[in-house]
Amino acid sequence: MNIYDSDRMKDVLAPLGYGAVDEADDVDMVIVNTCHIREKAAEKLFSELGRYRQMKEARRENGQSTIIAVAGCVAQATGAEIINRAPFVDIVLGPQTYHRLPEMIARATRAGERNSPECSRENPGAGIMDIEFPEEPKFDHLPNITAKGFSAFQSVQEGCDKFCTFCVVPYTRGSEFSRSVRDVLAEAENLAAHGVREITLLGQNVNAYHGAPVTGDQEVGLGRLIRQVAEIDGIERIRYTTSHPVDMDEELISAHGDVAQLMPFLHLPVQSGSDRILSAMNRNHSTDDFRRLHDRLMTAQPKLKLSSDFIVGFPSESDADFEATMDLAREIGFIQAYSFKYSPRPGTPGATMSNCVPDEIMSERLSRLQDLLTSNQAGFNQSCLGESFTVLLDRKGRKEGQLAGRSPFMQPVHLQASAEYFGRIVQVRITDAFANSLTGSLDGEPASHDSQVSEQRISA
Ligand code: SAH
Ligand code: SF4
C-alpha cells in the first residue's frame, strides 16, 4: 500500500513539475513515506531525517530551498511529535490527505520565503500538518493513475474495523472504506487501455470490500468485483492483497475456481497456530476454522497456494503455543511467508498486556519458524522444476539479454528473451530453482499477447 501511495503522490505532484529521482541527495523536495506497523520501521524515520536536514542546510548555504515532508502512518500517529523533534520538517501529512499536497507545498514555499535569511541557523521548517480523515475520500480528488508498466496496484479498500489487539492500522488508516464499483472499474479500464495486463487489488483488509454497485442497492463483495474486473479487455491477471481469514466468503472462494484470470496464489495471514493466542489477538477465528477454509479453497481451486504472515512472541505465548504455530506452518505448507517478532504498538490493547515474552525467546522462536518457512519455500521452488508457467515479462532480468517477471505464484522468474517479449505473458519452462527465484526458458508461443500494445511500449 505504501508503494501505491508513493506512486499516487508522484501523480499528484507531476503537474507541479516534480518528478521522482533515484537518490535523494540534492533535491528540491523529499517525501519520507513511513510505516508504523512495527517499531523498527517507525524508528528509521528520525535517522533518515537527520540526513535530509544536513542536505537542507547545505542547499540553503547555496541559496537553494528544500521542502522536507513526512507522509504515511508514522506521520498520522505522531504528527506533532515529528515537528517537535525535527523542527526543520516542513510538512507532515497522513495517508488520507496526500491529494492536498499541492496546497501544502504552496503554503510551505510561502513560509520558507518569509523565514529564509533570519532563520538560517536554526533551519526551521514550515511545520504544516494535515493528518485529518477528510469526509470526502481522497480518491474523489486524485488524478488518474499513471500506468507505468504492465502490472499495477489498484487500491479498492482502505482502513480496518477489526481491531486486532497488536495492530495500529485501525488507528492510522481509519475505519473501513470501500471505493464504489463504478470507480474501480473505470480506473481498471483506464489502466487496461494504457497497457496494464495485471492488476493487484489492494486494501488493508481487501476481502472486507463492500462497494456501492453500479446499479441497484446491494453492496458488492470482492468476489463479485473480481468477476467484473476480469471482464475488462486486456486484464489477464488479477491478484488481491491483504485478506483476513474471516472475510473469505463463498463468492470469493468460488471465484478462485471460476475466474481464469485470478492467479492461484493467495496471501492469507494466520499470525499464530494457537487458538489461545488467536483469541488474545482478537482474530475471531480458530486454527480449525483456518484449516476448514484452506480445504474449501483447495476444493475450489486445487492449484491454489497460500502465503502468510506470522507474529511470534505475542504476550503470554508459551512454548506450546509456539509449537502449535510450527505445526500449522508445516501442515499448510505455505509457499512463502513473512514472520515478525511481536512489536508493541502504542495505543493498541496489546501494548498494555502483561506476560511479555523475553526478546531472546522471541529471537529463538523466530529463527526456528523462519527456518521452517524458508525450507517450505525452497521445497516448493524445487517442485517447480520442469513445470511450465505463464510469466508476465515486465522487467529486465539479472543478466544481459534476460527479461523477468512473476510466475502465477509470485515467484520471480528470469529467462533469456529478446526485447520483443517485453510486456507479454509467455509460457516458461522452469529449468533452475533457487531459494527466492526461478529461471527458465521460453516454452512455445507467448501464452497471450497484444502485439500492438507491446510494440508501443518498446518504442516508448
Ligand atoms: N490485514 C492483515 C494484516 C495487515 S498488517 C491481516 O489482518 O492479517 C501486516 C502484517 O504485519 C500482519 O499480518 C502482521 O503479521 C504484522 N504486524 C502487524 N502488527 C504487528 C505488530 N504489532 N508486531 C509484529 N508484527 C505486526
Ligand atoms: Fe490490523 Fe489486519 Fe487486524 Fe485490521 S485485520 S486490525 S489491518 S491485522
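Residues numbered from 1 in each chain as written. Chains lettered and ligands numbered in written order. Predicted model: local features only at pLDDT ≥ 70, side-chain atom pairs only at ≥ 80, totals over all residues. Heavy atoms only, no water.

S.K.: Explain the pairing of strand β13 (residues 305-312) to me, please; I cannot follow it from the model alone.
M.R.: Note on strand geometry: in a regular strand, side chains alternate between the two faces of the sheet. For β13, the buried fraction is high: seven of the eight residues fall into the buried class. Of the strand pairs in this sheet, strand β12 (residues 265-267) and β13 are connected by three bridges, and their pairing is parallel. Residue His267 lies in a different strand from β13, and its bridge partner there is Ser307. Where β13 and strand β14 (residues 336-341) come together, six bridges link them in parallel fashion. Counted as the bridge partner of Asp309 is Tyr338 from β14. (Buried < 20%, exposed > 50% of the residue type's maximum accessible area, 1.4 Å probe, protein only. Helix = DSSP H or I, 4+ residues; strand = E, 2+ residues; numbered from the N terminus. Pairing = 2+ DSSP bridges.)

S.K.: Help me out: how do you make sense of the sheet that holds strand β1 (residues 29-34) in this one?
M.R.: Strand pairing in a sheet takes place through backbone hydrogen bonds and is either antiparallel or parallel in direction. Within the open sheet, the four strands sit side by side as β1-β2-β3-β4. Their pairing is parallel. The sheet terminates laterally at β1 and β4 (128-130), the two strands that pair on one side only. Here the average twist between neighbouring strands, direction ignored, is 10 degrees. Two strands pair when backbone bridges link them, and β1 and strand β2 (residues 67-72) are joined in this way by six bridges, in the parallel orientation. Directly across from Thr34, in β2, lies its bridge partner Gly72. The sheet contacts of helix α1 (residues 2-13) involve β1 and β2, and relative to β1 the element is tilted by about 155 degrees. Docked against the sheet, helix α3 (residues 73-85) engages β1, β2, β3 (91-93) and β4, running at close to 135 degrees with respect to β2. (Axes fitted to C-alpha atoms, helices over the stretch in contact; angles between N-to-C directions. Contact = heavy atoms within 4.5 Å.)

S.K.: Just to check I follow, could you spell out the packing of aromatic side chains for this structure?
M.R.: Any pair of aromatic rings gets described here by the distance separating the centres and the angle formed by the planes. Scanning all chains against the criterion turns up eight aromatic pairs. Judged by centre distance (6.1 Å) and plane angle (10 degrees), the rings of Phe139 and Phe177 are stacked. Of this pair, Phe139 sits in the loop between β4 and β5 (151-155) while Phe177 sits in strand β7 (residues 177-178), and the two are 38 residues apart along the sequence. Using a relative accessible area of 10% as the deciding quantity, one classes Phe139 as buried. For Phe177, a relative accessible area of 30% gives the class partly exposed. Ring centres 5.5 Å apart and planes at 75 degrees place the aromatic pair Phe163 and Tyr171 in the edge-to-face group. Members of the aromatic cluster, joined through ring pairs, are Phe290, Phe310 and Phe334. A cation sits over an aromatic face here: Arg85 above Phe46, 3.6 Å from the ring centre. Against the face of Tyr421 rests Arg424, its NZ or CZ located 5.6 Å from the ring centre. (Phe/Tyr/Trp six-rings, centres within 6.5 Å; stacked < 30°, edge-to-face > 60°. Lys NZ or Arg CZ within 6 Å of the ring centre and 35° of its normal.)

S.K.: In this structure, what is going on with helix α11 (residues 319-332)? I would like to understand it.
M.R.: Each turn of an α-helix holds 3.6 residues, which means side chains three or four residues apart point in the same direction. Over its 14 residues, α11 runs 20 Å from end to end, which matches the ideal 20 Å to within 8%, given 1.5 Å per residue. Within the sequence span of α11, burial applies to Asp321, Phe322, Thr325, Met326, Leu328, Ala329 and Ile332. Along the axis of α11, the buried residues cluster in a sector spanning 160 degrees; they form a single face. With respect to the buried face of α11, the exposed residues turned more than 90 degrees away are Asp319 and Ala320. Of the surrounding elements, those touching the buried residues of α11 are α9 (275-280), α10 (287-300), β13 and α12 (359-383). (Expected span 1.5 Å × (residues − 1). Arc of directions from axis to C-beta.)

S.K.: Help me understand the pattern of salt bridges, please; the structure alone is not making it clear to me.
M.R.: Oppositely charged side chains can form a pair if their charged atoms are brought close together. Going through the model one piece at a time under the given rule, you end up with 33 salt bridges. As a salt-bridge pair, Asp5 and Arg173 come within 2.9 Å of each other at their nearest N and O atoms. Note that Asp5 is positioned in helix α1 and Arg173 in the loop between α5 (169-172) and β7, a separation of 168 residues in sequence. Using a relative accessible area of 2% as the deciding quantity, one classes Asp5 as buried. (Salt bridge = Lys/Arg side-chain N within 4 Å of Asp/Glu carboxyl O.)

S.K.: So what exactly am I meant to see when it comes to the side chain of Asp11 here?
M.R.: Of note, Asp11 is situated in helix α1. Here Asp11 is in contact with Pro143, Asn144, Ile145, Thr146 and Lys148, once residues within four sequence places are set aside.

S.K.: Mind showing me how you'd approach the environment of Leu297 here?
M.R.: Tracing the sequence through the fold places Leu297 in helix α10. Between the alpha carbons of Leu297 and Gln427 there is a distance of 25 Å; along the sequence they are 130 residues apart. Excluding residues that lie within four positions of it along the chain, Leu297 makes contacts with Met248, Ile253, His256, Leu266, Leu268, Leu304 and Leu306.

S.K.: Help me out: how do you make sense of the layout of surface pockets in this one?
M.R.: Of the voids in this model, the second largest pocket is the one considered here, and its volume is about 930 Å³. Lining the second largest pocket are 29 residues, and of these Ala20, Val21, Val30, Ile31 and Val32 lie nearest its centre. At the level of secondary structure, the elements contributing two or more residues to the lining of the second largest pocket comprise α1, β1 and α2 (39-61). (1 Å grid on protein atoms, 1.4 Å probe; cavity = no way out; pocket = protein on both sides within 12 Å on 5 of 7 lines; lining within 4 Å. Points joined across faces, edges and corners; volume = space filled by probe spheres on them.)

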